[in-house]
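Residue-level listing of the chains:
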Amino acid sequence: MNKFRLNIDGKEVYGLPGQTILEVCRENDIFIPTLCYDERTEIYGACGLCMVEWEGSPKLWKACATEIAPNMVIRTNTKRVFESRKTNLELLLSNHKGDCRPPCMLACPAGTDCQGYVGLIANGQYEEAIKLIRDNIPLPGAIGRVCPHPCEKACRRGLVDEPIAIANLKRFAADTDEFGEDPFVPECEPDTGKNVAVIGGGPYGISMAYFLRQMGHDVTIYEAMPKLGGMLRYGIPEYRLPKEVLDEEIAVLEKMGITMVTNTKIGEDISFEAIKRDFDAVCVGIGAWVSTGVRCKGEDADGVIGGIDFLRKVVRNEKIDLGKNVAIVGGGNTAMDACRTAVRLGADKVYNIYRRTKDEMPADMIEIEEAEEEGVIFLNLTNPLEIISDENGHCRQMVLQVMELGEPDASGRRAPVPVEGKTETIDVDTVILAIGQRVNAEGIDGVELTRKGGIVYDKDTFMTAIPGVFAGGDCGNDKISIAVESIGDAKKSCLVVDAYLRGEEIKYEPNYYVTKKDVTPANSSMQKREKTTSLRLYSAMMKSRQSKKQTAVWNADVKTTLNVSSSAMQICMM
Amino acid sequence: MKVVVGQGSCGIATGAKKTSNEFERIVAEKNLTNVVIDKTGCIGTCYLEPIVDVYNEEGALEARYVKCTPDKVAEIVDEHLIGGKPVEKYVIPTEDEAFLSQQQRIVLRNCGKINPEKIEEYLAVGGYEAARKVITSMTPDQVIEEIKVSGLRGRGGAGFPTWFKWNAIKSNKGAQKYMVCNADEGDPGAFMDRSVLEGDPHSLLEGMIIGGFAAGATEGIIYCRAEYPLAIARLEIAMAQAREKGYLGKNLFGTDFSFDIRIKAGAGAFVCGEETALIASLEGERGMPRLKPPFPAAKGYWKLPTNINNVETYANVAWIIANGGQAFADRGAEKSKGSKVFALAGKIKKGGLVEVPMGMTLREVIYNIGGGIKNDKEFKAVQMGGPSGGCIPAQLIDTPVTYEDINKTGAIVGSGGMIVMDEDTCMVDMARFFLDFTRKESCGKCNYCRIGTKRMLEILERITKGEGKDGDIELLEELAGKIKDGAMCGLGQTAPNPVLTTIRYFRNEYEDHIYNHKCTAKSCKALIHYEITDDCKGCGKCARNCPVNAITGEKKQVHKIDPNVCIKCGKCEDNCAFGAVKRV
Ligand SMILES: Cc1cc2nc3c(=O)[nH]c(=O)nc-3n(C[C@H](O)[C@H](O)[C@H](O)COP(=O)(O)OP(=O)(O)OC[C@H]3O[C@@H](n4cnc5c(N)ncnc54)[C@H](O)[C@@H]3O)c2cc1C
Ligand SMILES: Cc1cc2nc3c(=O)[nH]c(=O)nc-3n(C[C@H](O)[C@H](O)[C@H](O)COP(=O)(O)O)c2cc1C
Ligand code: SF4
Ligand code: SF4
Ligand code: FES
């Protein structure tokens, strides 16, 4: 058959009679966007995205539907073509009233397809569920247990009665897999010949290793502590996250062929210089391991300890003498962990000192409630003024300034203001300051630091001031947050690191999603429906226990991870 | 004597059936055996319905009674049918006769004259002679040549030369070919096709038979909207009668040419008037257009060669064959031959159906035939071509009605709707009205049409509410251009026309709404309010007519409207005998 000669964007090309403009363009690597075209179906020609100009014709032509003619002159890249496509897409979006992606997924910092795996679990497709989860979350069992689940806050079901138990279902899928016969291990691409050092084995480091390894890179994690897990292991108490779960999940990394070097602190045991020299890229995730103080008088007394330091000692079975009365300062989850750990260590009186009311506490409500149930005495609207020590320099008393709530501040929270002259004094043997954390980047030389000491990285490329050195998680950009946020950093930046290793430069670009903003709560009768979801879920989980090991772990942590009263639990166990 | 009561849908709507029954009752009562009561289709002067024609024994028209409600019947029977003297006061006034006398009727040649349910009456005026001539003595090529000489162009909207389409389907190969009549008539306010279907169905059948012969088709399908039940009923009767006489069915006129026709009732979606959507609907699919090419002439109904013509197009055919293509071409203008039927509506004194030679100016149609603007208000513009067309402003009133000249104004001849607007019509609102129509009728297949018209409509809505923004006019223009570029079928490609033409000729009105928050024509409710001036005599009529009791005032005192209560219905203005209520 005779070929037609035509000119597309100034390029001389040939096509067979009967071929469309689009087909010829595709053969010649000339890009034309399409939405409704699919070679398997009859040409539909409705989306209008494939418009091109045909010289000599006043109108635009649909490339997908227009057959070529001899000596046709086509332009696919004129202003008119671009404008038409652009307005077309704008119109599509302008009419898009639904959600491109579900609110839970958008709320998850790691972009987990919650809707997807919840649906798979509902279908009984547990294996598919864990695979889907593991696309984004390398620590599903741990995250399923400890994540404050922003996804559930966004869950629309909450507008009807209560949110879907997204986090618990993740835990369920993970436990079913990890304690089952043959836990899922992701496949890795063939070796690329590039190696990456990950400094810090917390959620960020673990995730970075997990994602980069799947892309075929050779990954080594350096961890200062004896075991991997970061704050998940050395911060979060056992009763919230059994370390066995973490161990199972770290074992998966090992099976993937990730090298783990523990008890090795970069900057001390090995120099950062050496790491940079020996690896093609470096990812820094050293977390924020320094407790910050309250700057009150007497803060340096004996018996005053940082929150994370206290928790780490407990995890490491180090000797701690709490005494009778313990005061924990702070209103976050670390403070709650410290309070409840202190209760478990047998302290007589455990106080929580927080300068606002419970409503303003950053800690999750469930943690506060459970702490209260366990006997923690909440001294809200108080602030440490002074710590009074005995002759040995050990703290004995704490003077508290009584506060009241003033006008709302910029963040909308009502700022606490001291009630002039009103104080209270309590007896204390130990004071735990769970106020905040800081990054200690000593030894990671050459990176730029924020005023507060965090490692600076570019928001779009996650690269620090040193080329080829990336950072994320708690240690970067003063964003001390939650575990899944660190995982999200890794998820977002792994593509950038991968590109870097291949000699390309790219940026992380979030997808554009349309979201529905006008969803309102269901009417009140619906909201009054009995809140039985957690119970039903628990019951279902118990029935699907697969192994003894699984049951053991579950029994150990079940009460505290599920919002279920003991009596209800009893019923379900039957 | 014969009494003929006009019973098209328009006549029936004004009570023609009752008038007819009344004649029958009284005639029977008085035992007037020489009087026959008959019916006919619409004669065109719809504003005068019910219309009754009285013919003498020789068949000559003795009197045409207009607005002939049942209460006038007894008098007419007594004085005219019995007394022999027409009741002058009910007879059509001479000026109204001008409405008819200035027309040249080809399509409507039999409408309002013959009884559409009697094939004999059609035969009596030479019916089916053209078909006989064609089938027994002409070749398809000769037929097509005759149509070519006539210069007939499609009356369905696009004005495509009919001979060309017939020639195309004739040349295309196919196991079977179809002759389809587009009787979907979806333009709001258009009723040209309905009149023909109801008033002279045989002329359509004959046109289709001739077309079928020329094209080599054996089957005809009339796609008619189900909202035209009377048309469908009369078509069915006509088809049965034609079949009985051997004009439809096997071996027409003793030749081996066979041709039959059936009706397919459509649900009345505007988009189903578009050829490919019509075909999809015929096939039982959802009525959505598809890409052209392939054109129906190559791949139409069941992917076989199919010709689609409008009712009016077909209705011209028998006349052209009977009188010769040249006779048709002698009428009309250079490139737009023959005559065209228009539905005159809106703010016009004499609304109805008119058929005029193409090339007549809009002024002649509107003033000489239509009698000018209602209540002698100022003529502002005329909307031609319905929702696909555009408006033509007063300064262009001398534009001749030809395809080319009307296109130049930005409007189209279209299927023949002419909506006349006076000074009280807000042009922005008018554009909004038509766009609202097309938006609702969009089949939704392509983005530009489905969403683009919606966005444009939203902009127009906010402008008419006084919430327009700087840049809205430009945005409308931009969207309009892109929709025309990007939409797949005629509906979307032409939907912006009313907006574009109103912006072109009445930009000031858009600006008035947006920047001055004023409706130039004082028509947009959100931008006006009602006031009572000192001319108020305190009669209280306005207050009594106000549906929401917004008006208060002592007797013989100037009344007052509470703007918080007023719903701006305008009843007070309509009811005030002293013109004291003003829109501001
Ligand atoms: C008490 C507490 C409770 C928390 N509870 C929750 C919770 O319930 N849910 C939740 O989602 N988040 C919780 N978080 C937050 C969460 O643990 C952190 O956001 C997350 O662990 C941060 O991950 P990361 O990888 O950035 O850092 P980390 O987890 O802090 O890990 C950093 C790792 O780097 C190692 N490291 C540091 N310096 C070096 C070096 N020079 N060389 C080698 N290794 C080094 C450290 O030993 C550590 O293992 C909690 C935090 C605390 C402190
Ligand atoms: C949206 C749309 C609606 C249409 N509606 C009609 C209609 O109701 N009647 C009609 O005859 N043609 C209608 N047409 C035009 C037909 O597609 C077609 O051009 C016409 O029927 C051809 O007949 P003609 O050549 O005799 O004019 C419409 C076109 C479009 C795009
Ligand atoms: S232009 Fe409108 S009516 Fe025509 S196919 Fe597209 S969406 Fe349907
Ligand atoms: S416009 Fe209607 S509602 Fe307003 S005052 Fe007049 S009659 Fe009443
Ligand atoms: S790809 Fe959708 S119209 Fe061509």
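Read on for a plain summary of the structure. (Residues numbered from 1 in each chain as written. Chains lettered and ligands numbered in written order. Predicted model: local features only at pLDDT ≥ 70, side-chain atom pairs only at ≥ 80, totals over all residues. Heavy atoms only, no water.)

**Some remarks on helix 12 (residues 275-282) of chain B**
Because an α-helix completes one turn every 3.6 residues, residues spaced three or four positions apart along the sequence face the same direction. Residue and element names in this part refer to chain B. Among the 8 residues in helix 12, 7 count as buried, and that is most of the element. The set of residues buried in helix 12 consists of Thr276, Ala277, Leu278, Ile279, Ala280, Ser281 and Leu282. Its buried side turned inward, helix 12 meets strand 5 (178-183), strand 6 (219-225), strand 7 (260-266) and strand 8 (306-310). Count one or two residues on from helix 12 and you reach Gly284, which has phi positive near 90°. (Buried < 20%, exposed > 50% of the residue type's maximum accessible area, 1.4 Å probe, protein only. Helix = DSSP H or I, 4+ residues; strand = E, 2+ residues; numbered from the N terminus. Contact = heavy atoms within 4.5 Å.)

**Considering the interface of chain B and chain A**
Facing the 18 residues of chain B at the interface are 19 residues of chain A. Taken over both partners, the interface formed by chain B and chain A buries close to 1,600 Å², and the fraction arising from carbon and sulfur atoms is 53%. Its largest share of buried area at the contact with chain A, chain B owes to B:Asn447, B:Tyr448 and B:Asp485, together 34% of the area lost on that side. Run the count over chain B and chain A and you get 2 salt bridges. Close ionic contact of A:Arg80 with B:Asp485 constitutes a salt bridge, the shortest N to O distance being 2.8 Å. The interface formed by chain B and chain A holds 8 residue pairs in polar contact (both at pLDDT 80 or more) in total. Secondary structure elements with two or more residues in the side of chain B that touches chain A: helix 18 (447-464) and helix 19 (472-486) of chain B. When residues of the side of chain B that touches chain A are assigned to their parent elements, the largest contribution, 7 residues, is made by helix 18 of chain B. Residues belonging to the side of chain B that touches chain A are distributed by class as follows: 8 nonpolar, 3 polar and 7 charged. (Buried area = accessible area lost by both parts, 1.4 Å probe. Salt bridge = Lys/Arg side-chain N within 4 Å of Asp/Glu carboxyl O. Polar contact = N/O pair within 3.5 Å; in protein donor to acceptor, adjacent residues only side chain to side chain. Nonpolar A, V, L, I, M, F, W, Y, C, P; charged D, E, K, R; others polar.)

**Focus: the site of ligand 1**
Residues and elements named next belong to chain A. Neighbouring residues of ligand 1: 35 residues in total, closest Val146, Glu223, Arg240, Trp289 and Asp474. Contact distances for ligand 1 include 2.9 Å between an oxygen atom and a backbone N or O atom of Met231. Between an oxygen atom of ligand 1 and a side-chain N or O atom of Ser486, the distance comes to 3.2 Å. When the free accessible area of ligand 1 is taken as 980 Å², the share hidden by the protein chains comes to 97%. Its residues assigned to classes, the shell around ligand 1 comprises 17 nonpolar, 13 polar and 5 charged. (Near = heavy atom within 4 Å. Areas by Shrake-Rupley, 256 points an atom, 1.4 Å probe, with all protein chains shown as cover.)

**Considerations on the site of ligand 3**
Close to ligand 3 lie 13 residues; B:Cys443, B:Lys445, B:Cys446, B:Cys449 and B:Cys489 are nearest. Residue composition of the shell around ligand 3, by class: 9 nonpolar, 3 polar and 1 charged.

**Re the pairing of strand 7 (residues 218-222) of chain A**
Remember that side chains alternate between the two faces of the sheet whenever the strand is regular. Residue and element names in this part refer to chain A. Among the 5 residues that make up strand 7, 4 are buried, leaving the element largely enclosed by the rest of the structure. As paired strands, strand 6 (residues 195-199) and strand 7 are joined by 5 bridges and run parallel to one another. When the sheet's bridge partners are listed, Val196 is paired in strand 7 with Val219. Chirality of the crossover, the property in question, places the unit of strand 6, helix 9 (residues 203-214) and strand 7 among those that are right-handed. Note that strand 7 and strand 8 (residues 259-261) share 3 bridges and pair parallel. By the bridge assignment, Tyr222 is partnered in strand 8 with Val261. (Pairing = 2+ DSSP bridges. Right-handed = clockwise from strand over helix to strand, strands pointing away.)

**Quick notes on the sheet that holds strand 10 (residues 352-357) of chain B**
All names here are of chain B. Taken in spatial order, the 5 strands line up as 10-9-13-11-12 in an open sheet, and their pairing is mixed. Across the chains shown, the open sheet's two edge strands, defined by having one partner strand only, are strand 10 and strand 12 (390-393). Each strand of the sheet is rotated relative to its neighbour by a mean of 30°, with strand direction disregarded. Where strand 9 (residues 339-346) and strand 13 (residues 417-422) come together, 4 bridges link them in parallel fashion. Directly across from Ala343, in strand 13, lies its bridge partner Gly417. (Axes fitted to C-alpha atoms, helices over the stretch in contact; angles between N-to-C directions.)

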